[in-house]
Amino acid sequence: MNYQTIIQQAQHQQEPLKADRFVKISDRKDECDIPTDAWKPLLENSYLQTWKGIVLPKGITEMALYPMLLYELQPKTIIEIGAFNGGGAIWLADCLDVFGIEGRVHSVDIDLSLLDEKAKADSRINFIQGDCNNISAAFPSELLCALPHPWLIIEDAHINLAGILEYFHASGLRSGDYLIVEDTNKVHWGLWQDSWDDRDEMEQGANKMDDLRDWLKNHEDEYMIDTYYQDMYGYNGSKNWNSILKRV
Ligand SMILES: C[S@@+](CC[C@H](N)C(=O)[O-])C[C@H]1O[C@@H](n2cnc3c(N)ncnc32)[C@H](O)[C@@H]1O
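Parameters at a glance
Residues numbered from 1 in each chain as written. Predicted model: local features only at pLDDT ≥ 70, side-chain atom pairs only at ≥ 80, totals over all residues. Heavy atoms only, no water. 1 Å grid on protein atoms, 1.4 Å probe; cavity = no way out; pocket = protein on both sides within 12 Å on 5 of 7 lines; lining within 4 Å. Points joined across faces, edges and corners; volume = space filled by probe spheres on them. Helix = DSSP H or I, 4+ residues; strand = E, 2+ residues; numbered from the N terminus. Patch = residues over 30% accessible without salt bridge, like charges linked within 9 Å, V, L, I, M, F, W, Y side chains within 5 Å. Areas by Shrake-Rupley, 256 points an atom, 1.4 Å probe, with all protein chains shown as cover. Salt bridge = Lys/Arg side-chain N within 4 Å of Asp/Glu carboxyl O. Buried < 20%, exposed > 50% of the residue type's maximum accessible area, 1.4 Å probe, protein only. Lys, Arg positive; Asp, Glu negative; His and termini not counted. Charge placed at Lys NZ, Arg CZ, Asp CG, Glu CD. Pairing = 2+ DSSP bridges. Contact = heavy atoms within 4.5 Å. Axes fitted to C-alpha atoms, helices over the stretch in contact; angles between N-to-C directions.

With an unreviewed UniProt entry as reference, the chain is termed CmcI family methyltransferase, source organism Moorena producens.

Participant: It is not clear to me how the layout of surface pockets should be interpreted in this structure. Could you clarify?
Facilitator: If you roll a probe as big as a water molecule over the atoms, it shows you where there is empty space left. In this structure, the largest pocket occupies an estimated 850 Å³ of space. Looking at the lining of the largest pocket, the elements that each hand over two or more residues are β4 (77-81), α4 (87-98), β5 (104-109), α9 (186-192) and α10 (199-206).

Participant: Teacher, can you tell me more about a nonpolar patch on the surface here?
Facilitator: A cluster of nonpolar residues, Tyr-47, Phe-84, Leu-114 and Trp-196, forms a patch on the protein surface that exposes about 370 Å² of accessible area. Examined against the element boundaries, Tyr-47 turns out to sit in the loop between α2 (36-43) and β2 (50-51). Taking relative accessible area as the criterion, Tyr-47 reaches 37% and is therefore assigned partly exposed.

Participant: Whenever I open this one, a negative patch on the surface confuses me. Can you help?
Facilitator: A cluster of like negative charges, contributed by Asp-197, Asp-198, Asp-200 and Glu-203, occupies part of the molecular surface. The residue Asp-198 is located in the loop between α9 and α10 in this model. Residue Asp-198 is classed as partly exposed on the basis of its relative accessible area, which comes to 36%.

Participant: So what exactly am I meant to see when it comes to the sheet that holds strand β7 (residues 151-155) here?
Facilitator: Neighbouring strands of a sheet are bound in pairs by backbone hydrogen bonds; such pairs are parallel or else antiparallel. Pairing is mixed across the open sheet formed by 8 strands, whose spatial order is β1-β9-β10-β8-β7-β4-β5-β6. Each of the sheet's edge strands pairs with one partner strand only, and the pair in question is β1 (22-23) and β6 (125-129). Of the strand pairs in this sheet, β4 and β7 are connected by 5 bridges, and their pairing is parallel. Among the inter-strand pairings, Ile-79 is bridged to a residue of β7, identified as Ile-153. Across the sheet, α4 touches β4, β5, β6 and β7, and the angle it forms with β5 is around 170°.

Dropping the structure here:
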């Protein structure tokens, strides 16, 4: 290994047609190379992590993976399900700007009252008040039809996962688009188990990997896991297990 081979290996791994880069859910395990004990220090302070002073509760490995994916995908549309205070949406919009990508971020939340003032004032982001249990009202098909591809959809509200996947699958996701389901890591829900107030979110969150696997079983040939990003920091070395998906 030398500096020249490092560059060559990185270029080789990214080749979209590399035979083993994209794999089916049936070829994946719900396991992770990062040991269970390591998740506590990696995640317990994630709500202290900020971007421009706004809470940005992404995992540390996602902070590195998302920009790489954005640069490769060059999404014209990002749909974020679960806006919280808008830190994630601003970070995504900033990444698009840095890479010179002319894309727009649409971010939905059932409660936009927590939005930071900087997020409210950010014209690059379309914040939508809406309920994941009625996702077609938040993203009606007329709106989806008008949104340019490629898309990146990030599910991060932990409610009605199967309904959301089915809706965007039937109403717009095309070959080449990406979909990330956040927080499918079975370990980390255990860390919040006793302290989180919203029991429905906790229960549905803890089942996310199972729900995703069930849904993907019927779409094995349509949505594949991009192992280049998924396994960059070890097998499923992420808060998001088996859930960096490309529609093929
Ligand atoms: C983990 S936070 C999102 C974090 C955000 N994506 C980021 O990176 O900064 C989850 C959000 O989902 C929202 N949420 C919970 N239930 C919802 C529902 N039924 N419909 C829409 N949003 C919901 C919560 O209000 C909360 O703001």
